[in-house]
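Structure assessment
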Amino acid sequence: MTGSRTSDCPASVDGPQNGPLILTEDEGLLDDLLRLCAAAGAVPRVAHGTAVRGRDWDGARLVVVGDDCAGRLYGVPRREGVVLVGKDADDAGVWQRAVGIGAANVALLPGHENWLVDRIADAAEGVGRPALTVGVVGGCGGAGASTLACALALGAARAGERTMLIDGDPLGGGLDVLLGGEKATGLRWPAFAGSRGRVAAQALEEALPSVHALRVLSWDRGDCAAVPPEAMRAVLAAARRRGGVVVVDLPRRLDDTAVEAIGQLDLGLVVVPAELRALAASHRVASVLNLLMRDVRAVVRGPFGTGMDGPEVARLLGVPLAGELPAEPHLADDVSAGRPPGAAERGPLARFSTAFWTHALAERQQGEPA
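Residues numbered from 1 in each chain as written. Predicted model: local features only at pLDDT ≥ 70, side-chain atom pairs only at ≥ 80, totals over all residues. Heavy atoms only, no water.

Applying the stated criterion across every chain, the model contains 3 aromatic pairs. Here Phe352 and Phe356 contribute two aromatic rings whose centre-to-centre distance is 6.3 Å and whose plane-to-plane angle is 10°, an arrangement assigned as stacked. Here the residue Phe352 and the residue Phe356 both occupy positions in helix 13 (residues 348-365), the gap between them amounting to 4 residues, near one helical turn. Residue classification places Phe352 among the buried residues on the basis of a relative accessible area of 8%. (Phe/Tyr/Trp six-rings, centres within 6.5 Å; stacked < 30°, edge-to-face > 60°. Helix = DSSP H or I, 4+ residues; strand = E, 2+ residues; numbered from the N terminus. Buried < 20%, exposed > 50% of the residue type's maximum accessible area, 1.4 Å probe, protein only.)

In terms of nonpolar packing, the biggest core is built from 41 residues, with Ile166, Trp189, Leu204, Leu236 and Val246 touching the most fellow members. At the level of elements, strand 8 (163-167), helix 8 (229-241), strand 11 (245-249), helix 9 (256-262), strand 12 (267-273), helix 10 (276-292), strand 13 (296-301) and helix 11 (310-317) are the ones that each hand at least two residues to this core. Of the residues forming this core, the biggest block, 7 residues, is contributed by helix 8. Not counting chain neighbours up to four residues away, the residues in contact with Leu236 comprise Thr133, Ile166, Val246, Val248, Ala261 and Gln264. (Core = buried A, V, L, I, M, F, W, Y, C linked by side-chain atoms within 4.5 Å. Contact = heavy atoms within 4.5 Å.)

This part is about the pattern of salt bridges. Summed over the entire model, instances satisfying the criterion amount to 22 salt bridges. The shortest N-O distance in the salt bridge between Arg162 and Glu205 comes to 2.5 Å. Here Glu205 lies in helix 7 (residues 201-207) and Arg162 lies in the loop between helix 5 (145-158) and strand 8, a separation of 43 residues in the sequence. For Arg221, the salt bridge is made with Asp176, and the minimal N-O distance between the two is 2.9 Å. On the criterion of sequence distance, the pair formed by Arg221 in the loop between strand 10 (214-217) and helix 8 and Asp176 in helix 6 (residues 175-178) is long-range, its members being 45 residues apart. The exposure class assigned to Asp176 is buried, which follows from its relative accessible area of 2%. Connected through salt bridges with shared partners, the residues Asp118, Arg119, Asp122, Glu125, Arg198 and Arg241 form a single ionic network. (Salt bridge = Lys/Arg side-chain N within 4 Å of Asp/Glu carboxyl O.)

The next thing to look at is helix 4 (residues 113-125). End to end, helix 4 covers 18 Å across 13 residues, agreeing with the expected 18 Å (1.5 Å per residue, within 8%). Here helix 4 has its buried residues at Glu113, Leu116, Val117, Ile120, Ala121, Asp122, Ala123 and Ala124. On its buried side, helix 4 packs onto helix 1 (27-40), strand 5 (82-86) and helix 8. (Expected span 1.5 Å × (residues − 1).)

Now for the packing of helix 10 against helix 11. A packed helix pair is summarised by two numbers, namely the angle formed by the two axes and the spacing between the axes. One way to put it is that helix 10 packs onto helix 11 with a least axis distance of 9 Å and a crossing angle of 45°. On the basis of the axis angle, helix 10 is oblique to helix 11. Judged by the sense of rotation from one axis to the other, the crossing of helix 10 with helix 11 is right-handed. Each of Leu279, Ser282 and His283 in helix 10 lies in contact with helix 11, whose residues at this interface are Val313, Leu316 and Leu317. Its residues assigned to classes, the contact of helix 10 with helix 11 comprises 4 nonpolar, 2 polar and no charged. (Axes fitted to C-alpha atoms, helices over the stretch in contact; angles between N-to-C directions. Parallel < 35°, antiparallel > 145°, perpendicular 65-115°, else oblique. Left-handed = near helix turned anticlockwise from the far one by under 90°. Nonpolar A, V, L, I, M, F, W, Y, C, P; charged D, E, K, R; others polar.)

The sheet built from 8 strands is open, its strands ordered 9-10-8-11-7-12-13-14 with mixed pairing. Strands at the two margins of the open sheet, each flanked by one partner only, are strand 9 (210-211) and strand 14 (321-325). Two elements, strand 7 (residues 132-138) and strand 11, share 5 bridges in a ladder whose sense is parallel. Following the sheet pairing, Leu132 is matched in strand 11 by Val245. Sitting on the sheet, helix 11 touches strand 12, strand 13 and strand 14, and the angle it makes with strand 14 is about 140°. (Pairing = 2+ DSSP bridges.)

Written as structure tokens, this is what we have:
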């Protein structure tokens with residue numbers, strides 16, 4: 001490559017640089033782009049000249065092309081992940097030049113700085129497909145939503161999925177306790193209460209306790225009983241960028257923070273005991289969720305009475321049936337002994353989780369709604 005150089009930011013000596021390939025000869029634009037890379041925590045490679053071929057062009061996760069160089073790059077091999085950056089919002093020709101070099105996006109500074117920082121940070125983190133994110137909420141008090149959330153997370157981890165379990169219910173007593181991991185080392189929600197903007201996905205993962213082969217973000221036993229909506233938005237977005245599976249245990253009282261979480265869900269599960277009063281309460285919860293997200297399903301928990309099986313309960317709720325969940329023998333004794341819900345691979349919770357993920361992950365793989 002002709003005249004290539006790196007930025008003044010230190011490059012990793014253990015592997016390739018994690019930031020974008022920058023192509024520009026405009027020193028003012030270069031200064032802006034280096035500043036945005038620093039804000040994203042990325043180390044870029046900067047190249048001058050027109051000989052863009054081979055490993056640098058093909059291997060970069062993101063290529064940022066200054067508008068000053070666009071005319072010289074016609075004929076360069078097409079690839080994904082190219083952004084054309086300019087500063088003249090009145091220049092309609094910038095879109096034509098973007099098409100000419102195969103750029104999928106145009107960023108006009110300074111207006112698109114935040115967007116570009118996010119794209120650079122995504123490239124630095126190696127962001128791929130977002131996690132399949134499932135929320136679980138009880139249709140009534142004592143429905144067993146937290147129990148199911150833990151079992152689903154354990155089931156996903158057992159299936160080899162990269163899994164994170166997020167406790168969205170500050171009054172639930174802590175999912176780490178339910179998993180038998182209250183003494184596990186790592187951060188809990190109070191440490192993230194001030195989070196805003198973008199949280200680094202890898203840093204989040206590494207900071208959380210690892211319990212039964214999954215990462216858990218739970219509450220501690222302190223006085224913090226809520227986090228702001230902005231913190232939920234930032235943390236859950238980072239969890240989703242990790243890929244794999246994210247399970248969120250939601251409170252029945254859907255405050256602003258819970259609504260932020262719901263906004264990032266792919267699928268919502270309402271846990272409904274198969275009895276009349278529970279069905280009446282669950283109808284209200286399902287109705288609210290249907291207003292906030294596109295895919296809400298019922299998990300109907302036994303024991304089942306006459307005329308109150310899973311299909312009938314789901315029909316009365318007006319949502320599809322995700323499955324029936326028979327009562328789990330000795331569940332209370334197992335939890336008291338430190339055995340988490342769903343740990344018994346032949347038990348109803350584990351069997352339900354296995355069937356659920358087999359179906360949901362297959363739907364996702366086929367590109368259908370999860």
